[in-house]
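Single-letter residue listing:
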Amino acid sequence: MSILVIAEHDNSSLKQATLSVVAAAKAIGGDIDVLVAGENCGAVAEAAAKAEGVAKVLVADNAAYGHFLGENLGELVAEVGKGYSHILSSAGTTGKDFMPRVAALLDVAQVSDIIRVESEDTFVRPIYAGNAIATVKTSDSIKVVTVRPTGFDPVAAEGGSASVEQVDVVKDAGLSSFVGEQKAESDRPDLASAGIVISGGRGMQNGDNFKMLEQVADVLGAGIGASRAAVDAGFVPNDMQVGQTGKIVAPQLYIAVGISGAIQHLAGMSDSKVIVAINKDEEAPIFQVADYGLVADLFEAVPQLEEELKKVL
Amino acid sequence: MKVLVAVKRVIDYNVKVRVKPDNTGVDLANVKMAMNPFCEIAVEEAVRLKEKGIANEIVVVSIGPKACQEQIRTALALGADRGIHIEADGDVQSLDAAKLLKAVVEKEEPKLVILGKQSIDSDNNQTGQMLAALTGMGQGTFASEVVVDGEKVNVTREVDGGLMTLSLNLPAIVTTDLRLNEPRYASLPNIMKAKKKPLDTMSPADLGVEIASRLTTLKVEAPAGRSAGVKVADVAELVDKLKNEAKVI
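Conventions used here
Residues numbered from 1 in each chain as written. Chains lettered and ligands numbered in written order. Predicted model: local features only at pLDDT ≥ 70, side-chain atom pairs only at ≥ 80, totals over all residues. Heavy atoms only, no water. Helix = DSSP H or I, 4+ residues; strand = E, 2+ residues; numbered from the N terminus. Buried < 20%, exposed > 50% of the residue type's maximum accessible area, 1.4 Å probe, protein only. Areas by Shrake-Rupley, 256 points an atom, 1.4 Å probe, with all protein chains shown as cover. Lys, Arg positive; Asp, Glu negative; His and termini not counted. Charge placed at Lys NZ, Arg CZ, Asp CG, Glu CD. Contact = heavy atoms within 4.5 Å. Salt bridge = Lys/Arg side-chain N within 4 Å of Asp/Glu carboxyl O. Polar contact = N/O pair within 3.5 Å; in protein donor to acceptor, adjacent residues only side chain to side chain. Nonpolar A, V, L, I, M, F, W, Y, C, P; charged D, E, K, R; others polar. Pairing = 2+ DSSP bridges. Axes fitted to C-alpha atoms, helices over the stretch in contact; angles between N-to-C directions. Phe/Tyr/Trp six-rings, centres within 6.5 Å; stacked < 30°, edge-to-face > 60°. Lys NZ or Arg CZ within 6 Å of the ring centre and 35° of its normal.

We now examine the overall build of chain B. Helix and strand counts for chain B stand at six helices and 13 strands. By principal-axis analysis of the C-alpha atoms, chain B measures approximately 65 × 45 × 40 Å. Across the 249 residues that make up chain B, the buried fraction comes to 54%. Summed over all atoms, the accessible surface of chain B reaches about 10800 Å², with 49% contributed by carbon and sulfur. Averaging the locations of the 33 positively and 34 negatively charged side chains of chain B gives two centres separated by 2 Å.

Shown next as structure tokens:
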């Protein structure tokens, strides 16, 4: 078997999610190559070559791939990947965008968002927002799979010494072009890879009150998330959303503040190692999944939490 | 221009999902069904394009058993003009759905096709992108804003870490994310009017597509439950437990 992993990156650094996808590839077994498609992405290729377990890094460095347009990546990956038994990518927004295109171009099914590998053709994935877990077997000769990064412990980022080869396949479908982007500027750890996440819900009452969470996050070095209710209410932007329709996180410590615990939110965080809930409603469903529950008014508890943490950290 | 919207009948958003005791799937007997929430957003966006005078006809298509005509009627009540029901019992997987929709696109020749980004049952997030690949069209996935400008459409997408705007040549495929719009409710007069709007039924064979499931679900289980832990009395106790018991700070 031979597995092609498509690297997730921003043209300058390799995203940690890629290391989790390589871990999923190792669980399948076989030779693992990594394709880095981007523009001026040499540093990413070097980083991928050092990842544990990677045999070869293929680099497609061209302006056509600079913004990861789904049409161009889809054609490239279908072309490069057709000789492999498996094509894997992270189930981030880039992988979700181009991978189904790859599958359709190769006339195969896609298995989305796997959290476990059972065998080379059988995978485990959540359905119904994580309310059910399906074991799915694919009969296609090329298996196109997206991987939920939190389902797999990343391989070591250092220690490997893969060869690096250029790929001269240029696919510019000419169907779409990049206009612009708004990136959320932040010094905080990325939600998906943060070791500690503190999230606020509708109980925060407004966006300004999230500053209280920021102060706690600064003490802990935590990422900041939000429930869909807080996003829908306009308190914070959607890229902070944790849940079925937002980001899936699984940090060491997850602190839910003023979050009731709707199914859709639990789907995004219930794999966290330790869950803390702070809510004034002792009947809130969040307490049913929390390791430590504090029934309290968050406007008193959160500043106290900041003070207490400063004492011990 | 003509807009095609695809909608799916799924378990209602508010229903608590239960796995069948024999682990063959999710119990859908006597469960309330509804239009997939992301598909409602797709219908709403099409209706808004019509209200702005950009779209002049909205065709809504659904694949599934006879009962999914209910969801087509809902879309007609919300403002779609005509419906197409592709009758298929049993499991229709994303690639087959995309092939069926491709056949409809070839017949109808819409300028814009709008779909939900994923259905809340299988959570695949595939059909729109597969349809785009099969029709050779550009795709604007996870859209939070759609602006039609002559022969182009600008789509702002919800991506990891922010927003990204693309310009696509028309015809194009758009899949909706949550913040694109807030769907309206159908009024009673419009629900009555929708009953008289045209609805064609066809089979996969009529469209020259053979349903060929590539994926087999071996079993479906309930997720490993998390049990409730302990209540702490105050913040000091919480911090003490996190540091000395859980050892996560």
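So, next bit.
Time to look at the environment of Ile84(B). Residues and elements named next belong to chain B. Checked against the element boundaries, Ile84 lands in strand β5 (residues 82–87). With a relative accessible area of 2%, Ile84 lands in the buried category. Taking the C-alpha atoms as reference, Ile84 lies 25 Å from Arg214; in sequence the two are 130 residues apart. If we skip the residues at most four places from it in the chain, Ile84 touches Val59, Val60, Val61, Ser62, Ile72, Val104, Glu108, Asp200 and Met202.

Bringing helix α2 (residues 69–78) of chain B into the picture now. All names here are of chain B. The element α2 is extensively covered by neighbouring structure, given that seven of its 10 residues are classed as buried. The set of residues buried in α2 consists of Gln69, Gln71, Ile72, Ala75, Leu76, Ala77 and Leu78. Downstream of α2 by one or two residues, Gly79 has phi in the positive range, about 135°.

What follows deals with the interface of chain B and chain A. Taken residue by residue, the interface counts 75 residues in chain B and 87 residues in chain A. Where chain B touches chain A, the interface holds five salt bridges. For the interface between chain B and chain A, the tally reads 43 residue pairs in polar contact (both at pLDDT 80 or more). Elements with a contribution of two residues or more to the side of chain B that touches chain A: α3 (94–108), α4 (127–135), β7 (138–149), β8 (152–159), β9 (162–169), β12 (215–221), β13 (230–232) and α6 (235–245) of chain B. Split into classes, the residues belonging to the side of chain B that touches chain A amount to 38 nonpolar, 19 polar and 18 charged.

So, about the sheet that holds strand β10 (residues 163–166) of chain A. Working definition: the strands of a sheet are paired by backbone hydrogen bonds and lie parallel or antiparallel to each other. Residues and elements named next belong to chain A. Read across the open sheet, the seven strands follow the order β5-β9-β4-β1-β2-β3-β10; overall the sheet is parallel. A single partner strand is all that each edge strand has here, and the edge strands are β5 (110–114) and β10. Strand-to-strand, the axes of this sheet are offset by a mean angle of 25°, without reference to chain direction. Alignment of strand β4 (residues 86–90) against strand β9 (residues 143–147), held across five bridges, turns out to be parallel.

Here the focus is the packing of aromatic side chains. Taken as a whole, this structure holds zero aromatic pairs over all chains when the rule is applied. Just above the ring of Phe142(B) sits the side chain of Lys117(B); from NZ or CZ to the centre is 5.9 Å. A cation over a ring is seen here: Lys231(B) above Phe287(A), with NZ or CZ 4.7 Å from the ring centre.

This brings us to the pattern of salt bridges. Counted under the stated rule, the structure contains 34 salt bridges over all chains. Linking Arg116(A) and Glu118(A) is a salt bridge whose minimum nitrogen-to-oxygen distance equals 3.5 Å. You can call Arg116(A) partly exposed: its relative accessible area is 41%. The shortest N-O distance in the salt bridge between Arg82(B) and Glu57(B) comes to 2.8 Å. Of the two residues, Arg82(B) sits in strand β5 while Glu57(B) sits in strand β4 (residues 57–64), which places them 25 residues apart along the sequence. When its relative accessible area of 17% is taken as the criterion, Arg82(B) is described as buried. Judged by its relative accessible area of 21%, Glu57(B) falls in the partly exposed class.

Everything listed here is a matter of geometry and, on its own, says nothing about what the molecule does.
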